[in-house]
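# Structure assessment
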Amino acid sequence: MGYGIFGLYPLEQRIADKQRGIGVQRYAIVVWLLTATMLAVLIYELVVNARAQGSPVSALINLGARFPPCMKIVEDVPLSTTLPCLNDTANPPDRECSLETLCGFGGFHNEAPDQSFRFTAPIFLHAGIVHYALNMLAQLTVSAQVEREMGSITFLILYMASGIFGNVLGGNFALVGVPSVGASGAIFGTTAIAWVDLLAHWRYTYRPGRRLAMQIVELIIGIGLGFIPYRILEVCYGPAGGMMFYPIISPSTRHRSIVIFFRLAAIPAAVLLFVFLTRNFYTSNPYAACTWCRYLSCIPTSANDHCKGTGLTSTTTSV
């Protein structure tokens, strides 16, 4: 009798469960908790916006959006930069506050900006009710199924790693003056694993054709609602992280050896990619090294001056 997932229970039972659409657990507990937490954060955001009644972009920066000028010295957005205050209700804005004031969280203490928590905090922030609803639709379907398949602890590790990686990646390629929020990076990571699971377990999957059709529709909707090219790179991190933990069924010794090889290769690959991009974010100017990288996060139009400059305005937010 063979064994399926890291030898945790018999292979035959795992295959039977897979064919019936049963994962390693029945409920997506972490997904429910994350969704509830994000709803609470969204309500807090709405309360802050209602009280301030000023620029929603300034409010998101103040709440913890990924915004490079709050995280490091950005030559094109110096510390002397001013932005509309939270309570400035004029249109156009006529009251401006310092960058340090808007970044909040105690300021910079006369040192260089270093609010590195902004790689994590944006996962829980959303740019409004519609943005939250669309993300949660994907999270409660695709991400929930992935959690049921791989278990809550490993899912949470992968979810957070994908979300943080998405913000590190965006910090390298997105326009430095555009704040970014949302759980898209984490959700894209779990979506990638859902595709790996389907392709790796096609003959064991419950109604694979139906699931394939649903995932294609979900992918098309995701692209149609707000395609950002660097999201494709986020999807690549999902399989790398998933290979470390995802319960892949191995029907033979040879297959198990191949899976182990890819697991061992995925660990340094994921770590090195994360370290490289983090170091690149803090030690170099991505635009100087890659003049076309801005187009990975910006579709050139006349409205954004064909992706030139920093993208800094009082009304622009990346999701």
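Report on the accompanying structure. (Residues numbered from 1 in each chain as written. Predicted model: local features only at pLDDT ≥ 70, side-chain atom pairs only at ≥ 80, totals over all residues. Heavy atoms only, no water.)

## Observations concerning the side chain of N172
- With respect to the secondary-structure elements, N172 resides in helix α6 (residues 152-173).
- Separated by 2.8 Å, the side chain of N172 and the backbone oxygen of V168 make a polar contact. (Helix = DSSP H or I, 4+ residues; strand = E, 2+ residues; numbered from the N terminus. Polar contact = N/O pair within 3.5 Å; in protein donor to acceptor, adjacent residues only side chain to side chain.)

## With respect to the environment of P56
- Positionally, P56 belongs in helix α3 (residues 56-63).
- Residues P56 and E45, eleven residues apart in the sequence, show an inter-C-alpha distance of 9.4 Å.

## Some words on the packing of aromatic side chains
- This model, assessed by the stated rule, comprises seven aromatic pairs.
- Both rings, one in F261 and one in F262, keep their centres 5.5 Å apart while their planes meet at 75°; by these two values the pair is edge-to-face.
- Ring centres of F281 and Y282 lie 4.9 Å apart, and the angle between their planes is 85°; on these two criteria the pair is classed as edge-to-face.
- Judged by its relative accessible area of 32%, Y282 falls in the partly exposed class.
- For the cation-ring pair, K72 lies above F281, with the distance from its terminal atom to the ring centre recorded as 4.2 Å. (Phe/Tyr/Trp six-rings, centres within 6.5 Å; stacked < 30°, edge-to-face > 60°. Buried < 20%, exposed > 50% of the residue type's maximum accessible area, 1.4 Å probe, protein only. Lys NZ or Arg CZ within 6 Å of the ring centre and 35° of its normal.)

## Looking at the packing of helix α2 (residues 29-52) against α3
- Interhelical geometry of α2 versus α3 gives an angle of 130° and a closest axis separation of 10 Å. When the axis of α2 is compared with that of α3, the two are oblique. Considering the relative orientation of α2 and α3, their crossing is right-handed. Residues Y44, E45, V48 and N49 of α2 lie in contact with α3, whose contacting residues are P56, A59, L60 and L63. (Axes fitted to C-alpha atoms, helices over the stretch in contact; angles between N-to-C directions. Parallel < 35°, antiparallel > 145°, perpendicular 65-115°, else oblique. Left-handed = near helix turned anticlockwise from the far one by under 90°. Contact = heavy atoms within 4.5 Å.)

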